[in-house]
Amino acid sequence: MRIKLLIASADKDYTGHLSNRILEYHADSIEVSVCTSPECLPELLSTRTFDAALLERPFIECTDISAVRLPLLLWTEDEIDDGARVGPQKIRKYQKVSAMVAEVLEKYAKVSADKRGFELDKAQITAMWSPTGGVGKTSVALAYAAKKASEGKKTLYLNLEAFSSVPVYFAENGKSISAIFEMLDNSEGNVGMLIQGLRKFDGETGVAYFRGPENFDDINILSTENVKALVEACAGATEELVVDMSCLCDERARHIFERADRVLIVTDASITAQTKLLQFTAQHHIFERIKDKAVLVANKGATLASPPTGVVITLPLVRSVDASVVYKTLSGCSFEV
């Protein structure tokens, strides 16, 4: 699903720059049109429909814009802010295009009556899990995501750990994934559209991600139904979805295991990791249900004497204190078996 966006400004240099940047980087979520003359706007609105519009004040004052679901006033700091004037929501005219697009999509998600969001079941879902911490699960998850992105796949990394690792690897600017969590329990709004608005892109690897939760409770109070809705919405917005899971094996984890196309179980050579892995594979019924799609990842150069599954990927030990260096190095490894 793409929203139809109109940019209405007499500044042709501005409209040209903005529309070109949107077409270049956000064509998967926005279809853009331009109007540079207030006199031409009424005829344009009579012949075409728009989901959202960015309009300078003269364009708003010259015609009826009620048919536009989300009209937004392009506003600059040198304008006098007349708080008593009733009109469209404001959006800052001069800002980073990516930030403006995110704001437009977020605002539209809240007013959209279309619950479909994006085509479901689009993504290949890979779940990353380990029964113990410290084995490098997140490094492997990001390496796998970067590998898929390098192969030309639109790849989204979704971190569902109890304590998010996102700040370790990515810039933490903009709004957090907590805004998506809030909409999951709300009968109004379009979660898929909000995902498109809040996702960020790592410039080096091309991997899309979300800023971490505002606080610890935001992710830990999610219900199983919330997690189901979140995974489905994310799967509908990309081609490859990599879910970095908590080490717990609760109902939320069971759903992700069963929904995933592939489950990578990460371990290393430590006694703790081996003991907990053995407990999971030998004593937990869920392993029998996912065994056919489970792949064991022996990280940090581990050699496993008696692997619980015959499908094993062995990754080398990368000696670096920089977590980003570790995952980017591992992204050059093969994840095929």
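Fair warning: this is a prediction, and the values are worked out from it, not measured in the lab. (Residues numbered from 1 in each chain as written. Predicted model: local features only at pLDDT ≥ 70, side-chain atom pairs only at ≥ 80, totals over all residues. Heavy atoms only, no water.)

### Quick notes on the confidence of the model for the chain
Residue-level pLDDT values for the chain average 90, and 94% of them are 70 or greater. Note that pLDDT drops below 50 for residues 116–121; the model gives that stretch 14 contacts with residues more than four away or on any other chain. (pLDDT = per-residue confidence, 0-100. Contact = heavy atoms within 4.5 Å.)

### Notes on the pattern of salt bridges
Tallied over the entire structure, the rule returns 19 salt bridges. In this structure, Arg-48 engages Glu-31 in a salt bridge whose closest nitrogen and oxygen atoms are separated by 3.7 Å. Separated by 17 residues along the polypeptide, Arg-48 in the loop between α2 (41–47) and β3 (52–55) and Glu-31 in strand β2 (residues 30–35) bring together distant segments of the chain. For Glu-31, a relative accessible area of 27% translates into the label partly exposed. (Salt bridge = Lys/Arg side-chain N within 4 Å of Asp/Glu carboxyl O. Helix = DSSP H or I, 4+ residues; strand = E, 2+ residues; numbered from the N terminus. Buried < 20%, exposed > 50% of the residue type's maximum accessible area, 1.4 Å probe, protein only.)

### Describing the sheet that holds strand β4 (residues 70–75)
Strand order in the open sheet formed by 5 strands is β2-β1-β3-β4-β5, with parallel pairing between adjacent strands. If you trace the sheet from one side to the other, it starts and ends with β2 and β5 (89–92), each paired once. Between one strand and the next, the sheet's axes are offset by a mean angle of 25 degrees, whatever the strand orientation. Strand direction decides the pairing type here: β4 and β5, joined by 4 bridges, are parallel. (Pairing = 2+ DSSP bridges. Axes fitted to C-alpha atoms, helices over the stretch in contact; angles between N-to-C directions.)

### Re the pairing of β2
Looking along a regular strand, one sees side chains alternate from face to face of the sheet. Sheet analysis places strand β1 (residues 3–8) next to β2, joined by 6 bridges and oriented parallel. Pairing of Leu-6 across the sheet is with Ser-33, part of β2. Crossover β1 to β2 through helix α1 (residues 12–25) is right-handed. (Right-handed = clockwise from strand over helix to strand, strands pointing away.)

### Concerning the state of the cysteines
Taken as a whole and assessed by the stated rule, the structure comprises 0 disulfides. Cys-249 carries a free sulfur, and the closest cysteine sulfur to it, the one in Cys-247, is 11 Å from it. Overall, the relative accessible area of 21% leaves Cys-249 in the partly exposed class. (Disulfide = S-S within 2.5 Å.)

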